[in-house]
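An overview of the molecular structure
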Amino acid sequence: MTALGDYKRERIDALAARAGQLPEGEAGLSLTRSAFRRLRRDPVAITGAVIVLVFLVVAAFAPLLAPKDPVTQYLLSEIRPGTIPGPQEGFPLGVDNLGRDLLSRLIYGSRQSLLIGVVSTVLGLVVGMALGVLAGAFGGWVDTAVMRFVDILLSIPGLLMAITISVLLGQNQYALMIAIAVVQVPIFARLLRGSMLAQRGSDYAVAARALGVKKGRIVFGHVLPNSLSPVIVQATLSLATAIIEAAALSYLGLGDPDIARPEWGAMLANAQDFLSIRPALAVWPALCIIVVALGFTLLGERLREALDPKFRR
Amino acid sequence: MQAPVLEVEDLAVRFTRRGEQPTRAVDGVSFSVAPGETIGLVGESGCGKSVTSLAIMGLLPRRGVEVTGSVRFDGNDLVDAPDHVLRGLRGADMGMVFQDPLSSLNPTVPIGTQVTEVLLEHREMSKAEARDEATRLLDRVGIPDPGRRLKEYPHQLSGGMRQRALIAMALACAPRLLIADEPTTALDVTIQAQILELLRELVVDSGTALVMITHDLGVVAGLCDRVHVMYAGKIIETADRHDLFTRPRQPYTGGLLASVPRLDSTRGAPLTPIRGSARDAIPWSEGCAFAPRCDNAQDDCLTEVSGSTVPLVPDGPGRELRCRHPLEHPSAPSGATASGAAR
Ligand SMILES: Nc1ncnc2c1ncn2[C@@H]1O[C@H](COP(=O)(O)OP(=O)(O)OP(=O)(O)O)[C@@H](O)[C@H]1O
Ligand code: SF4
Ligand SMILES: [Mg+2]
């Protein structure tokens, strides 16, 4: 368990440290700008961006795109033990064991995944950054206390923690969001704190001190804005993790119990019982989860490389 | 002469990092600067020039660093002064210009914001007044079209412009002391000359006391009234600019002069670099730190005489010297180092 914590800490610190050593002439805005220029020419990044974009559009316009209502039951006369109707006219992917249109459910399911992914990542980001700023700005015993807490959180495997929390908080979608957010908190906290420490020793911070600028202004006006790029990268990657974790928790029956909101993880869990009759019921939601997570990951990894001086070509 | 603005006395800086051998980066350094005067701190890389300047400004970290001796600014000792006192002085009464203008500016903040920040910090000014003043300052340091430049980011400016902007920031509140730590090292030769000329004008115009830190003797020749040569954390020779160039006494100073080309030297005269490197220095407690590289070195350079190894002693009017066997002038001395220096 500590080994896991060590591994995570090393990875986070490497990311934070690299953000501290910007190449000459390319820092801050110019760096962001040139990073985007590189991303625009990068086929992998474009693939990731297209996947993410399609996903966003589908989620936003689900009611317009879905051919059927996701909870209405159809073709009930054709559902018997041992048979579930496959693709046919009006139901391009067939229906599930209760006669609900699979395609429409997948389309609506994207909303739930996106909502949980975004809300939990933002929540984790806000709390994690607050802790990181606290540690990075004050240093001393505040830093020690905050980082001790963060390291303990890091040493617990993410999914285990999420399961524990969502069991404790009860079965609803808010519990799910909080559970996933808690897993993200220590990552963002340690990342931002490390990045701020690297920036605090930078020449411009010393130069600002030599001009008599107040410590608070140096930390919030100079150090913090320059420490954000690894956090932005991590947030992109976290969206992928959050979506997968949300699906995993739903799959384990810890998700949103409201049947009016289809969710990919719950669909997958439900499909288990019918694997031998209609494997497509499991394949489609699984594919959706994988592709969306892949989209965010591709984009995040390429963003990291674009912002990382080490990967300069 | 006017009373000095800055008097440094017996300044010593020790780095005491946990688990590491403590290092004495600066040891017993004393000098002073008066208004309108420019002094030079000269020496090879690692001799303690930057640490000296950071110690004066109170910019060294508190933990793991031991500063002793005194730094009197206007008669008040700064070595043990509390943070808020130092912060009030920095930027307002004493300014500093650093070596690398690009990394010394915040890449994510426009130049204008960084200049006005100093003004707002130390002067009672509205935002609008600070902006006007910032425009005037950029104009004064020779940045064309200052109104537009204020909105630009550091990477949009040339190296020379950036250093000008930093000088403008350091001079925003008309400090009485300016410390310039190798302000031209990162710049092109032509730009170097412009920046030095700018500093010279500013010192003459406003009577600022300037401490010029450099390893470039050309800078010293053009700018400094008095020069302190440092080696391995100690001052080894102090002299007026003229004396230093015509009659260097310390073999190390002689070596420095012999290793740079000079306009007045005979064409094709060989340049003699000092042999070895600064890493060859021995601790001062064991003798003259320069001894391993010195052509004049003799046995007594490595022994104590009345409780101290090579002390800094007066050496004629306005001069001080730390050497047992100095170069002799004007009678032609023997030895490669000396002949090089006597050119
Ligand atoms: N934070 C530190 N911890 C330990 N030693 C240090 C630290 N900063 C500087 N030193 C040591 O102090 C000595 C003097 O360094 P300093 O930066 O003052 O040299 P310098 O004369 O300015 O050289 P340069 O021309 O390269 O700028 C060096 O030997 C260096 O190793
Ligand atoms: S004291 Fe001796 S070793 Fe040191 S510089 Fe003078 S002659 Fe050389
Ligand atoms: Mg230096």
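Computed from a predicted model, the values in this text were never measured in an experiment.

**Re the overall build of chain A**
A count of helices and strands for chain A gives 13 helices and zero strands. Reading the helices (α) and strands (β) of chain A from amino to carboxyl end gives α-α-α-α-α-α-α-α-α-α-α-α-α. Along the longest, intermediate and shortest principal axes, the C-alpha atoms of chain A span 80 × 45 × 30 Å. Sorting the 313 residues of chain A into buried and exposed places 50% on the buried side. Across chain A, every contact between residues at least 6 apart in sequence was considered, and the portion connecting residues at least 24 apart equals 75%. Element-wise, carbon and sulfur atoms account for 68% of the exposed surface of chain A, whose accessible area totals about 14,300 Å². Distance from the positive charge centre (29 side chains) to the negative charge centre (22 side chains) of chain A: 9 Å.

**Quick notes on the layout of surface pockets**
Of the pockets and cavities examined, the largest pocket occupies roughly 1,000 Å³. Lining the largest pocket are 30 residues, and of these A:R200, A:R209, A:K215, B:P61 and B:R62 lie nearest its centre. Every element with two or more residues in the lining of the largest pocket is listed here: α5 (102–138), α6 (140–154), α8 (173–200), α9 (203–210) and α10 (215–226) of chain A together with α2 (83–89) of chain B. Looking at the lining of the largest pocket, the element that brings in the most residues is α10(A), giving four residues. Residue composition of the lining of the largest pocket, grouped by class: 13 nonpolar, six polar and 11 charged.

**Brief notes about the sheet that holds strand β1 (residues 6–15) of chain B**
Residues and elements named next belong to chain B. As summarised here, the arrangement of the four strands in space is β2-β1-β4-β5, forming an open sheet in which the pairing is antiparallel. Edge strands, defined here as strands with exactly one partner in the open sheet, are β2 (23–33) and β5 (76–77). Pairing of β1 with β2 involves seven bridges; the strand directions are antiparallel. Following the sheet pairing, E7 is matched in β2 by S32.

**Quick look at the sheet that holds strand β9 (residues 226–231) of chain B**
All names here are of chain B. Pairing in this open sheet of eight strands is mixed, and the strands run β6-β7-β8-β3-β9-β10-β12-β11 from one edge to the other. Looking at strand neighbours, the two that pair on one side only are β6 (94–97) and β11 (313–314), the edges of this open sheet. Note that strand β7 (residues 177–181) and strand β8 (residues 209–214) share five bridges and pair parallel. Counted as the bridge partner of L177 is A209 from β8. In this fold helix α1 (residues 49–57) packs onto β3 (38–42), β6, β7, β8 and β9, with an angle of close to 150° to the strand it touches most, β6. Seen against the sheet, helix α6 (residues 159–171) touches β6 and β7 and runs at an angle of roughly 170° to β6.

**Things to note about the pairing of β9(B)**
All names here are of chain B. When you tally the buried positions in β9, you get six out of six residues, the bulk of the element. Residues R226, H228 and M230 point to one face of β9 and V227, V229 and Y231 to the other, with burial holding for every one of them. With four bridges connecting them, β3 and β9 associate as parallel partners. Bridge pairing in β9 links V42 to V229. Looking at chain direction, β9 and strand β10 (residues 234–240) are connected through six bridges and run antiparallel. By the bridge assignment for β10, Y231 is matched with K234. Between β9 and β10, which pair antiparallel in sequence order, lie two residues; one of them, A232, sits at a positive phi of approximately 50°.

**Some remarks on the pattern of salt bridges**
Residue and element names in this part refer to chain B. This structure, assessed with the given rule, holds 35 salt bridges over all chains. Ionic pairing is found between E9 and R72, a salt bridge with its closest N-O pair at 3.0 Å. Within this pair, whereas E9 is found in strand β1, its partner R72 is found in strand β4 (residues 65–73), the two being separated by 63 residues in sequence. With a relative accessible area of 23%, R72 lands in the partly exposed category.

**A word on the site of ligand 2**
Around ligand 2 lies a shell formed by B:Q250, B:P251, B:C288, B:F290, B:A291, B:C294, B:N296, B:A297, B:C301, B:C323, B:R324 and B:H325. Residues of the shell around ligand 2, tallied by class, amount to eight nonpolar, three polar and one charged.

**Notes on empty space enclosed by the protein**
Evaluation of the coordinates by the stated rule reveals five cavities of 30 Å³ or more. Around the second largest cavity, the lining comprises 13 residues; the ones closest to its centre are B:C288, B:C294, B:C301, B:C323 and B:R324.

**Notes on the nonpolar core**
Residues and elements named next belong to chain B. In this structure, I167, M212 and Y252 are the most contacted members of the largest nonpolar core, which totals 82 residues. Here this core takes eight residues from α6, the largest share from any one element. If sequence neighbours within four positions are ignored, M212 has contacts with T38, I39, G40, L41, A180, P183, L196, L199, V219, L223 and C224. If you look at the next biggest cluster of nonpolar residues, it comprises 39 residues, including L6, C47, L89 and I213.

**A closer look at the site of ligand 1**
Residues and elements named next belong to chain B. If you check the shell around ligand 1, you find F15, R17, A25, E44, S45, G46, C47, G48, K49, S50, V51 and E182 and nothing else. In the model, an oxygen atom of ligand 1 is placed 2.7 Å from a nitrogen or oxygen of the G46 main chain. Note that an oxygen atom of ligand 1 is positioned 3.3 Å from one of the backbone N or O atoms of C47. Bound to the protein, ligand 1 loses 62% of the 630 Å² it would expose on its own.

**Examining the side chain of A:H222**
Of note, A:H222 is situated in helix α10. One polar contact links A:H222 to B:N106, side chain to side chain, over a distance of 2.8 Å. A distance of 2.9 Å separates a polar atom in the side chain of A:H222 from a polar atom in the side chain of B:E117. Beyond its immediate sequence surroundings of up to four residues, A:H222 is in contact with A:Y204, A:A208, A:R217, B:N106, B:V109 and B:E117.

Rules used in this analysis
- Residues numbered from 1 in each chain as written.
- Chains lettered and ligands numbered in written order.
- Predicted model: local features only at pLDDT ≥ 70, side-chain atom pairs only at ≥ 80, totals over all residues.
- Heavy atoms only, no water.
- Helix = DSSP H or I, 4+ residues; strand = E, 2+ residues; numbered from the N terminus.
- Buried < 20%, exposed > 50% of the residue type's maximum accessible area, 1.4 Å probe, protein only.
- Contact = heavy atoms within 4.5 Å.
- Areas by Shrake-Rupley, 256 points an atom, 1.4 Å probe, with all protein chains shown as cover.
- Lys, Arg positive; Asp, Glu negative; His and termini not counted.
- Charge placed at Lys NZ, Arg CZ, Asp CG, Glu CD.
- 1 Å grid on protein atoms, 1.4 Å probe; cavity = no way out; pocket = protein on both sides within 12 Å on 5 of 7 lines; lining within 4 Å.
- Points joined across faces, edges and corners; volume = space filled by probe spheres on them.
- Nonpolar A, V, L, I, M, F, W, Y, C, P; charged D, E, K, R; others polar.
- Pairing = 2+ DSSP bridges.
- Axes fitted to C-alpha atoms, helices over the stretch in contact; angles between N-to-C directions.
- Salt bridge = Lys/Arg side-chain N within 4 Å of Asp/Glu carboxyl O.
- Near = heavy atom within 4 Å.
- Core = buried A, V, L, I, M, F, W, Y, C linked by side-chain atoms within 4.5 Å.
- Polar contact = N/O pair within 3.5 Å; in protein donor to acceptor, adjacent residues only side chain to side chain.

Note that all results are geometric; they support no functional claim without further evidence.
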